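Summary of the model geometry
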Amino acid sequence: MAEIATPIELDGQYRALREEAGYLPKERAALIVRGPDAAEYLQGQLTNDIEAIERERGCYAALLDRKGHLQSDMRVLHLENDEIWLDLEPGPAPGILKHLRTYSIGRNVEVEDASEGWAITSLIGPRATGLAGFEGLGPEHAHRSREWDGTEVLAVATDVGLDLITRADQSASLTELLRAAGAPEVSEQAAEIIRVESGRPRFGLDMDSESMPAEAGITERAVDFEKGCYIGQEPVARLHYRGKPNRTLRGLRMSAPAEHGDPLLLGDREVGKVGTATISPALGPIALAIVRREADEGDRLAVGDSAVTAEVVSLPFLP
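Let me begin by describing the structure that accompanies this report.

Reading guide: rules and limits
Residues numbered from 1 in each chain as written. Predicted model: local features only at pLDDT ≥ 70, side-chain atom pairs only at ≥ 80, totals over all residues. Heavy atoms only, no water. Helix = DSSP H or I, 4+ residues; strand = E, 2+ residues; numbered from the N terminus. Rg over C-alpha atoms; globule rule 2.2 N^0.38 Å. Buried < 20%, exposed > 50% of the residue type's maximum accessible area, 1.4 Å probe, protein only. 1 Å grid on protein atoms, 1.4 Å probe; cavity = no way out; pocket = protein on both sides within 12 Å on 5 of 7 lines; lining within 4 Å. Points joined across faces, edges and corners; volume = space filled by probe spheres on them. Nonpolar A, V, L, I, M, F, W, Y, C, P; charged D, E, K, R; others polar. Salt bridge = Lys/Arg side-chain N within 4 Å of Asp/Glu carboxyl O. Pairing = 2+ DSSP bridges. Axes fitted to C-alpha atoms, helices over the stretch in contact; angles between N-to-C directions. Contact = heavy atoms within 4.5 Å. Polar contact = N/O pair within 3.5 Å; in protein donor to acceptor, adjacent residues only side chain to side chain.

**Quick notes on the overall build of the protein**
Along the protein, the regular secondary structure elements total nine helices and 17 strands. The C-alpha radius of gyration of the protein comes to 20 Å, within 12% of the 20 Å expected for a compact globule of 319 residues. Taking the principal axes of the C-alpha coordinates as reference, the protein spans close to 55 × 50 × 30 Å. Looking at the protein as a whole, 50% of its 319 residues are labelled buried.

**Remarks on the layout of surface pockets**
The calculated volume of the largest pocket comes to roughly 780 Å³. K26, R28, E89, D163 and R195 are, among the 33 residues lining the largest pocket, the residues nearest its centre. For the lining of the largest pocket, the secondary-structure elements that each account for two or more residues are strand 1 (22-26), strand 4 (70-78), strand 7 (118-124), strand 10 (161-167) and helix 6 (188-198). Each residue belonging to the lining of the largest pocket can be placed in one class, and the counts come to 13 nonpolar, four polar and 16 charged.

**A closer look at the pattern of salt bridges**
In this structure the tally under the stated criterion is 27 salt bridges. Between E188 and R202 there is a salt bridge, with the nearest N and O atoms lying 3.2 Å from each other. Taken together, the positions of E188 in helix 6 and R202 in the loop between helix 6 and helix 7 (213-216) put the pair 14 residues apart, joining distant regions of the chain. The class of E188 is partly exposed, set by a relative accessible area of 34%. Notably, a salt bridge pairs R195 with D206, separated by 2.9 Å at the nearest N-O pair. Remark: D206 occurs in the loop between helix 6 and helix 7 and R195 occurs in helix 6; sequence separation between them is 11 residues. Put simply, K26, R28, R75, D87, E89, D163, E188, E192, R195, R202 and D206 are held in one network by salt bridges that share partners.

**A short note on empty space enclosed by the protein**
Across all of its chains, the model carries one cavity of 30 Å³ or more by this definition. Taken as a whole, the largest cavity encloses approximately 50 Å³ of empty space. Among the elements of the structure, helix 7 and helix 9 (233-242) are those that each provide at least two residues to the lining of the largest cavity. For the lining of the largest cavity, the class distribution of residues is six nonpolar, two polar and no charged.

**With respect to the sheet that holds strand 3 (residues 57-64)**
With antiparallel pairing, five strands are arranged side by side in an open sheet as 3-4-5-2-6. The sheet is open, and its two borders are formed by strand 3 and strand 6 (110-113), each paired with just one other strand. Strand-to-strand, the axes of this sheet are offset by a mean angle of 25°, without reference to chain direction. Pairing of strand 3 with strand 4, which is carried by eight bridges, proceeds in the antiparallel orientation. Within strand 4, the position partnered with C59 by the bridge is V76. This element, helix 3 (residues 93-103), spans strand 2 (29-34), strand 3, strand 4, strand 5 (84-88) and strand 6 of the sheet and lies at about 165° to strand 6.

**Regarding the sheet that holds strand 1**
Sheet architecture is open: five strands sit in the order 1-7-10-9-8, paired in antiparallel fashion. Both outer strands of the open sheet, strand 1 and strand 8 (143-148), are each paired with one neighbouring strand and no more. Pairs of neighbouring strands in the sheet enclose a mean axial angle of 30°, with direction left out of account. Examined bridge by bridge, strand 9 (residues 151-157) and strand 10 share four bridges and lie antiparallel to one another. Note on strand 10: the bridge partner recorded for V156 is D163. Of the strands in this sheet, strand 1, strand 7, strand 8, strand 9 and strand 10 are in contact with helix 5 (residues 171-180), which crosses strand 10 at around 140°.

**Topic: the side chain of H78**
In this fold, H78 is placed in strand 4. At 2.7 Å, the side chain of H78 and the side chain of D82 are in polar contact. Excluding residues that lie within four positions of it along the chain, H78 makes contacts with I53, E54, R55, E56, R57, E83 and H143.

Structure follows, in structure tokens:
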């Protein structure tokens, strides 16, 4: 992984990601679900319509507890060989693995932790698909594989480019191919600026096990309200059809940089905490946060007991 970038380096990396393409290794967990009952089983566990996913396509989904709170979000890929790949943050992965194995008893399903065998490299930017030889790959979560000068690569379309999946022992070869194609390595700092500007929350930073999908702003992408039952369906559906979340994911335009976890105050009342905070070369200090609904767009919040203020804005910051 690239070292922490200086402001000048970060500005150059940001421009590469906005105008061309840059790459960085991505730390993710990989759970493979296989067997004749795999899709049907996951249909009753996850929030999205897993059985509707065709081969070489995918979706975004979540596993909830019975009260509708997030246990993890994940990308779900229906591979060409009919296996289902769950791509998620490493932190919640052991708990998700245990859950899926426990509730699969009696079904013709196998759940494997394949994290050690695979590596993911994110290629971000408008030139990503052309540079990697995957022109036209889309929509988001669509995927296909090709051999690139002896390296087998599975490319997955993302909202900002591609995720390139290789066997772990071929990740160095992929890095050399990307460099030879003209893509610079960028820091996680630069990639996080793009994510925050896009308004996409990250589990463990902007949403957690206390968040419901509607609060985290992921309902439209992650929840199918026409499918059958799944864990946590009732409170999620009740909130969607009858209620209004008490908290909502928002953007923050900061007067100065803030830190993750800093309290946000509307008058004397705490209405949330700063999630991912960053400094955008285009926008200045910005952040994501789940805030109470009384903090309306345009309101200015105090950040802790400092002089820093945060204006509540809609998402995304940039299209």
